[in-house]
Amino acid sequence: TTQPEIRKGLVGVYADVSAISKVMPETNSLTYRGYAVQDLCENCCFEEVAYLLWNGELPTRAQLDAFRREEAANRALSPRLLKAIEGFPHDAHPMDAIRTAVSLMGMEDPEVADVSEAATRRKAMRLLAKIPTAIAAAHRFAKGLAPVAPDPGLSFSENFFHVVFGKVPQPEVVKAFDVSLILYAEHTFNASTFTARTIASTGADIHAAITGAIGALKGPLHGGANEAVMHMLEEIGEPENAVAWLEGRLDHRALVMGFGHRVYKSGDSRVPTMTKYAERMAEVVGDRRWMEISRILAAEMLRRKNIHPNLDFPAGPAYYLMGFEIPLFTPIFVASRITGWAAHVLEQMADNRLIRPLSWYTGVEQRPVVPLAQRG
Ligand code: CMC
């Protein structure tokens, strides 16, 4: 009856094996199915990476074409779902809107109750295809605008801009966005992925698992950090304010968003790639301010606290420079991470054991119930 060692936050605990991705903190590296993420960013599009995560191998040209055709063909939402999204509170956070929309997609999915691998793969594809349409529709309705119908002739990333803004920007911008999706696609047993696997381990369907995962991603310690980073940069406003702002923050022992990581302690391999593309966005837009503030913060955090930035740090300003409103940043993370979540749901289902850990009780000793009439 002595308390066993508790790894609060499951720090350092291996909860299962997985063949999807590998984080190597000693070299700050991350591979998906054996390929370094930087390598994937330079040589592949997001759809190729989605195919890789779901199938274990990169597609051939014919396989990629078929995957793209299927994704493009599934983008439209049902009139009922569009109507439901139109009825969402217009001041709702877009993460709550996409969480609810995904839950509704489950209710109307023709195969919702079929948890076989084949049906789960088809449902994953429908989720991948429909999530951008739902994010954009909720966003546009909230602004009093009509939704834009998805265009099956566009790539996944081009279409994302199309449904949000009604137009596709120049290829450099689309490429930077596509790179961010590749970098966000998968990251081992993070909180949202573990949530998805926990839900799948009960025998529940993929829509249940993804709805829960979106809930987990919302928090500022996880996906919500990319929005928090941009709020922080806006609050700082100008490069000359950065050092004093940071000092004030650290004096109060407050978190600086976009820094630190549970697994990487000496740098996140995704950061240099995303920073390169965020810098490119700054050049395209002609606004260097945010990247300049970012550079100062990163240098000062390293000097004072020896803490490195994580992917959310460059992704926040990159999305801002692409023209997205801040509350859309974490939903964009959802549009990408659905690929990793679905891969993990499939892996969990293929070799399932209910996830059910223990807790060590520290409450009051056992005692008799005093009947209501005698309680004073
Ligand atoms: N700002 C200030 N101090 C920090 C930060 C930060 N961002 N991150 C860690 N520290 C401090 C922490 O307070 C602790 O100090 P002390 O030893 O005095 O208590 C020390 O550094 C070590 O912390 P840790 O044990 O490495 O932290 P953790 O593994 O429990 O938490 C984290 C990891 C990501 C939750 C945390 O670093 C954090 O809250 N960062 C800010 C939010 C953020 O950027 N989240 C995105 C995470 S990565 C991508 C994603 O999932 O979206």
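Each remark here, short or long, concerns the structure printed above.
Everything in this summary refers to the structure shown in the same document. These numbers were taken from a predicted model, which means no experiment stands behind them. (Residues numbered from 1 in each chain as written. Predicted model: local features only at pLDDT ≥ 70, side-chain atom pairs only at ≥ 80, totals over all residues.)

### Some points on the site of the ligand
Taken together, 18 residues form the shell around the ligand, and within it Ala225, Phe259, Gly260, Arg262 and Asn310 come nearest. Broken down by class, the residue content of the shell around the ligand amounts to eight nonpolar, eight polar and two charged. (Near = placed C-beta within 6 Å. Nonpolar A, V, L, I, M, F, W, Y, C, P; charged D, E, K, R; others polar.)

### So, the sheet that holds strand E1 (residues 21-24)
An order of E1-E2-E3 is seen for the three strands of this open sheet, with the pairing classed as antiparallel. If you trace the sheet from one side to the other, it starts and ends with E1 and strand E3 (35-36), each paired once. Across four bridges, the pairing between E1 and strand E2 (residues 29-32) is antiparallel. Bridge pairing in E2 places Met24 opposite Ser29. (Pairing = 2+ DSSP bridges. Helix = DSSP H or I, 4+ residues; strand = E, 2+ residues; numbered from the N terminus.)

### Digging into helix H9 (residues 191-201)
Where burial is concerned, most of H9 is hidden: eight out of the 11 residues are buried. Taken as a whole, H9 has its buried residues at Ser192, Thr193, Thr195, Ala196, Arg197, Thr198, Ile199 and Ala200. Of the surrounding secondary structure, the elements contacted by the buried residues of H9 are helix H10 (206-217) and helix H16 (329-350). Gly203 occupies a position one or two residues after H9 and carries a positive phi of about 95 degrees. (Buried ≥ 20, exposed ≤ 12 C-beta atoms within 10 Å, placed from the backbone. Contact = placed C-beta atoms within 7 Å.)

### Side note on the nonpolar core
Within the largest apolar cluster, 101 residues are counted, with the highest numbers of intra-cluster contacts made by Val49, Ile98, Ile131, Ile182, Ala209, Ile210 and Ala318. Considering every element that reaches this core, the biggest residue donor is helix H6 (residues 117-142), with 11 residues. Per-domain counts for this core show at least three residues from each of domain 1 (17-220 + 328-350) and domain 2 (225-321). Contacts of Ile182, omitting those with residues within four sequence positions, involve Val37, Leu40, Cys41, Cys44, Phe46 and Val49. (Core = buried A, V, L, I, M, F, W, Y, C linked by C-beta atoms within 7 Å. Domains from an automatic or database assignment.)

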